[in-house]
Amino acid sequence: MKKQKTYSHVVMDDDKESNNYIKVEKYNGSLVKSLAGGYGKLLSEIGEDPKRQGLVKTPERAAKAMQFLTHGYDIDPSSIMRSALFKEKYSQMVIVKDIELYSLCEHHMLPFFGKAHIAYIPNGKVVGLSKIPRVVDAYARRLQLQERLTDQIRDCIDETLEPLGVAVVIEAQHLCMQNSVTTTSAFTGEFLKNEKTREEFISLIRSKLH
Ligand SMILES: [Zn+2]
C-alpha cells in the first residue's frame, strides 16, 4: 500500500503521559473511494449481492477499516521515541509487559494479535513509558510478519534510546493458523550477552507466557 500523507487516524495526546488514544475520524477520501471500489468487486466475486441492504455501505466501511489497520505507515516510530527521552541515572531493568498488539499478516492480510513484552536497561536515558506501546502500534498497524515486527521494535528502541540492552517478546495468535500461539523474541546488548539478565526478564514476564 502506498504511503498516504494526508491520512491520520489515531493520535495520542502527547501532553499527558497516558495510554489513551484519541480516535480521529479522518480518512483520505480518494483512497476510501478506490478501496471501496475494490471491496465492491470482491463482494460480487465471492457470490454476494453488493446491493442488498446489509452490504450497501460495506465497501466504504471496509475501505476505512483497511486504512485504520494500516495507519502505521504514516507514523515514524523513532520520532515517537525521540519526543520523550530524559536523562536519568536509573540503571535497573525497565519492563513494560502485556502491551496489546493488533496487526495484519502480510501473507494473507488476516489479523494476528496478542501481547508484547518489552524491557530495556537504561544507559543514562529513559523514555516516557507510554511511548513504548505507541511504537508497538506504529509498527503493528502495517502488513507485517511477527518476526520482522519483533526486530523492528527492538531496533527502534535500541537506536533511539541507546540502552545497555533491549528485549522484546511477542506472543500472538494468527487467524491464518488455527489453535496455536507463536512466540518470537529479539534481544540486544546485556540481554544477549548475559544469560542471567535474560532469565530475569523471562521470569518477570513468564506468568503471561504460554
Ligand atoms: Zn498469514
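Rules behind the numbers
- Residues numbered from 1 in each chain as written.
- Predicted model: local features only at pLDDT ≥ 70, side-chain atom pairs only at ≥ 80, totals over all residues.
- Heavy atoms only, no water.
- Donors = N, O, S within 2.8 Å, 3.2 Å for Na, K, Ca; no water.
- Helix = DSSP H or I, 4+ residues; strand = E, 2+ residues; numbered from the N terminus.
- Buried < 20%, exposed > 50% of the residue type's maximum accessible area, 1.4 Å probe, protein only.
- Salt bridge = Lys/Arg side-chain N within 4 Å of Asp/Glu carboxyl O.
- Core = buried A, V, L, I, M, F, W, Y, C linked by side-chain atoms within 4.5 Å.
- Contact = heavy atoms within 4.5 Å.

Engineer: How should I be thinking about the coordination of the zinc ion in this particular structure?
Structural biologist: Ideal values differ by geometry: the angle at a metal is 109.5 degrees with four tetrahedral donors, but 90 or 180 degrees with six octahedral donors. For the zinc ion, the full set of protein donor atoms is Cys 105 (SG), His 108 (ND1) and Cys 176 (SG), and the range of their distances to it is 2.1 to 2.3 Å. When the donors of the zinc ion are listed by position in the chain, the intervening gaps give C-x2-H-x67-C. Residue Cys 105 is located in strand S4 (residues 94–105), and its partner Cys 176 is located in the loop between strand S8 (165–174) and strand S9 (182–187); the two are separated by 71 residues in the primary sequence. Given a relative accessible area of 6%, Cys 105 falls into the buried group. For Cys 176, a relative accessible area of 31% puts it in the partly exposed group.

Engineer: Would you explain the pattern of salt bridges in this entry?
Structural biologist: Where charged atoms from two side chains of opposite charge come close, those side chains can pair. With the rule as written, the count across this model stands at 9 salt bridges. Residues Lys 41 and Glu 45 are paired through a salt bridge, measuring 3.4 Å at the closest nitrogen-oxygen approach. In this pair, Lys 41 and Glu 45 are both assigned in helix H1 (residues 29–45), 4 residues apart and thus about one turn of the helix distant. The pair formed by Lys 41 and Glu 45 is uniform in burial state, with each residue classed as exposed. Across the pair Glu 162 and Lys 125 runs a salt bridge whose closest N-O atoms are separated by 3.1 Å.

Engineer: What is the right way to look at the nonpolar core in this model?
Structural biologist: As a rule of thumb, nonpolar side chains are buried together in soluble globular proteins. One finds Leu 101, Ile 118, Tyr 120, Leu 149, Ile 153 and Ile 170 to be the most contacted residues of the largest nonpolar core, which totals 29 residues. Contributing elements (two or more residues each) for this core: helix H3 (77–82), S4, strand S5 (111–121), strand S6 (125–127), helix H4 (131–140), helix H5 (146–161) and S8. Sequence-distant contacts of Leu 149, defined by excluding residues within four places in its chain, comprise Leu 101, Phe 112, Val 136, Tyr 139, Ala 140, Gln 144 and Ile 170. Grouped together as the second largest cluster of nonpolar side chains are 9 residues, Ala 119, Ala 167, Phe 191 and Ile 205 included.

Functional significance is not addressed by these values, which are geometric in nature.
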